[in-house]
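Structural description and commentary
Now for the letters of each chain:
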Amino acid sequence: MDVNNLDYKKIVSNENGGLTLGGMLSNSETANNPEIRTKYPLLSMAMLSAATAQIRNMASNGGNLLQRTRCPYFFETSMPCNKRKPGSGCGALNGMNSNHAIFGYSEHCIATNPSDMCVALAAIGATVEVHKPDGDSRMIEFDDFHRLPGNQPEKDTTLIKGELITAIHLPKPEFSDCYYYLKIRERSSYAYALISVAAGLEVKDGVITKAGLAMGGVAHKPWKLTKAEEFLSGKKPTLSNFEAVAELAMDGAKPFEANKYKVEMGEKAIVRALTQAYERKV
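Small disclaimer: the values here were computed from a predicted structure and weren't measured.

Cut-offs and rules
- Residues numbered from 1 in each chain as written.
- Predicted model: local features only at pLDDT ≥ 70, side-chain atom pairs only at ≥ 80, totals over all residues.
- Heavy atoms only, no water.
- Helix = DSSP H or I, 4+ residues; strand = E, 2+ residues; numbered from the N terminus.
- Rg over C-alpha atoms; globule rule 2.2 N^0.38 Å.
- Buried < 20%, exposed > 50% of the residue type's maximum accessible area, 1.4 Å probe, protein only.
- Contact = heavy atoms within 4.5 Å.
- Areas by Shrake-Rupley, 256 points an atom, 1.4 Å probe, with all protein chains shown as cover.
- Lys, Arg positive; Asp, Glu negative; His and termini not counted.
- Charge placed at Lys NZ, Arg CZ, Asp CG, Glu CD.
- Pairing = 2+ DSSP bridges.
- Axes fitted to C-alpha atoms, helices over the stretch in contact; angles between N-to-C directions.
- Parallel < 35°, antiparallel > 145°, perpendicular 65-115°, else oblique.
- Left-handed = near helix turned anticlockwise from the far one by under 90°.
- Nonpolar A, V, L, I, M, F, W, Y, C, P; charged D, E, K, R; others polar.
- Core = buried A, V, L, I, M, F, W, Y, C linked by side-chain atoms within 4.5 Å.
- Salt bridge = Lys/Arg side-chain N within 4 Å of Asp/Glu carboxyl O.

Details of the overall build of the protein chain
- Counting secondary structure elements, the protein chain contains eleven helices and nine strands.
- Taking 282 residues into account, the globule formula puts the C-alpha radius of gyration at 19 Å, and the protein chain, at 18 Å, falls close to it.
- Projected onto its principal axes, the C-alpha positions of the protein chain cover 55 × 50 × 30 Å.
- Expressed as a percentage of its 282 residues, the buried residues of the protein chain come to 49%.
- Nonlocal contacts in the protein chain, meaning residues at least 24 apart in sequence, comprise 62% of its contacts between residues at least 6 apart.
- Accessible surface computed for the protein chain: about 13400 Å², of which carbon and sulfur atoms make up 50%.
- When the 33 positive and 31 negative side-chain charges of the protein chain are each reduced to one mean point, those points stand 3 Å apart.

Brief notes about the sheet that holds strand β7 (residues 195-204)
- Across the sheet, which stays open at both edges, the four strands sit in the order β6-β7-β8-β9 with antiparallel pairing between neighbours. Strand pairing shows two members of the sheet lacking a second neighbour, β6 (178-184) and β9 (223-224), which therefore form its edges.
- Bridge count for β6 against β7 is seven bridges, and the pairing is antiparallel. Pairing of Tyr-179 across the sheet is with Gly-200, part of β7.
- Each of β6 and β7 is contacted by helix α3 (residues 41-48), which is oriented at about 15° to β6, the strand it contacts most.
- Contacts from helix α7 (residues 117-124) reach β6, β7, β8 (207-216) and β9 within the one sheet, and its direction differs from that of β8 by about 150°.

A closer look at unusual backbone geometry
- The phi dihedral of Ala-51 falls on the positive side, at around 50°, and the residue is not glycine.
- Residue classification places Ala-51 among the partly exposed positions, given a relative accessible area of 33%.
- In this model, Asp-205 sits at a positive phi of 55°, which is unusual for a non-glycine residue.
- Mapping Asp-205 onto the fold places it in the loop between β7 and β8.

Topic: the packing of α3 against α7
- At a closest axis distance of 8 Å, the pairing of α3 and α7 adopts a crossing angle of 165°. As far as their axial angle goes, α7 and α3 are roughly antiparallel. Note that α3 runs across α7; the crossing there is right-handed. Contact residues: Leu-42, Leu-43, Ala-46 and Met-47 in α3; Met-117, Ala-120, Leu-121, Ala-123 and Ile-124 in α7.
- Taken together, the residues of the contact of α3 with α7 sort by class into nine nonpolar, no polar and no charged.

Describing α3
- A large share of α3 lies buried, amounting to six of its eight residues.
- Of all the residues in α3, the buried ones are Pro-41, Leu-42, Leu-43, Ser-44, Ala-46 and Met-47.

A look at the sheet that holds strand β1 (residues 11-13)
- Here we have five strands laid out as an open sheet, ordered β1-β2-β5-β3-β4, and antiparallel in their pairing. Whereas interior strands pair on both sides, the edge strands pair on one side only; in this sheet they are β1 and β4 (137-141). In this sheet, adjacent strand axes meet at a mean angle of 25° when their direction is disregarded.
- As paired strands, β1 and strand β2 (residues 19-22) are joined by three bridges and run antiparallel to one another. Considered in β2, the bridge of Ser-13 is made with Leu-19.

Topic: the nonpolar core
- Judged by nonpolar contacts, the single largest core of 33 residues is most densely connected at Leu-43, Leu-65, Leu-121 and Leu-170.
- Here this core takes eight residues from α7, the largest share from any one element.

Considering the packing of helix α10 (residues 239-250) against helix α11 (residues 261-279)
- Running from N to C, α10 and α11 point in directions that differ by 140°, and their axes come no closer than 9 Å. By the angle between their axes, α10 is oblique relative to α11. The hand of the α10/α11 crossing is right-handed. Where α10 approaches α11, its residues Leu-239, Phe-242, Glu-243, Val-245, Ala-246, Glu-247, Ala-249 and Met-250 are matched on the opposing element by Lys-262, Val-263, Gly-266, Glu-267, Ile-270, Val-271, Leu-274, Thr-275 and Tyr-278.

Details of the pattern of salt bridges
- This model, assessed by the stated rule, comprises nine salt bridges.
- Its salt-bridge partner being Lys-183, residue Asp-116 comes within 2.8 Å of it at the nearest N-O pair. Placement of the pair is Asp-116 in the loop between α6 (72-75) and α7 and Lys-183 in strand β6, with a sequence separation of 67 residues.
- On the basis of relative accessible area, Asp-116 is assigned to the buried category, the value being 5%.
- Taking the relative accessible area as the measure of exposure, Lys-183 reaches 14% and is therefore buried.
- The partner of Glu-257 in a salt bridge is Lys-260, with the nearest N and O atoms 3.0 Å apart.
- Taken together, the shared-partner salt bridges in this structure form one network comprising Arg-68, Lys-83 and Asp-156.

So this is what it looks like as structure tokens:
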């Protein structure tokens, strides 16, 4: 089904005081839009770190949300993959898994979500609007849009058959002064994140009043760090607090032997992203 001619290619103001992104608008048009760059620079920064300019010119916002795994066992059809062929097994579970999940995985799938845009949207707290087959629309909080694998890893999202992403609603701007998207990868282009961190801070009178924090490269979905966000609220933006919240964020990680490095890398990445975000203000 060709959806290219559908009229979901605009950025408009919404009733929440934020902006609404059309599902068919390209990643390049979104990331380089003056209002996005000014009001949601964290999102722009994350999107511009993804892929290449040529790919961003072609990729749509809705399509970005629906990216599938980059696990090599998913692409290699001679190997078992529950996501590609349910019930066949997970080749990565006891195979090469140095780039795989450390949170939220199951024995059925240990792949990670590849999107940069989605990590920023999770930190910002976006909402996805979808058009239902009966003609109505429904809203999905961003943290509820993607699924953990459980025993049905072939299902990446909570969309039901026939639903179409029409828009992404952003809340009122909160992190336009203090923000940073850190992407750690094996090479500087055509590479997905080993670890990424989207960090946004709202700081008033030397105190953090609100934080947005999410990670990529660690789970089957963008990994929103809700407890870490709550911990930072009311705290001063100091190195010791950033180190404490990084340790809290990585608590519960269950790495494999080959990706134990992601725990230490994740802690350091969170500290660096928060520090860089705050230093924009000072």
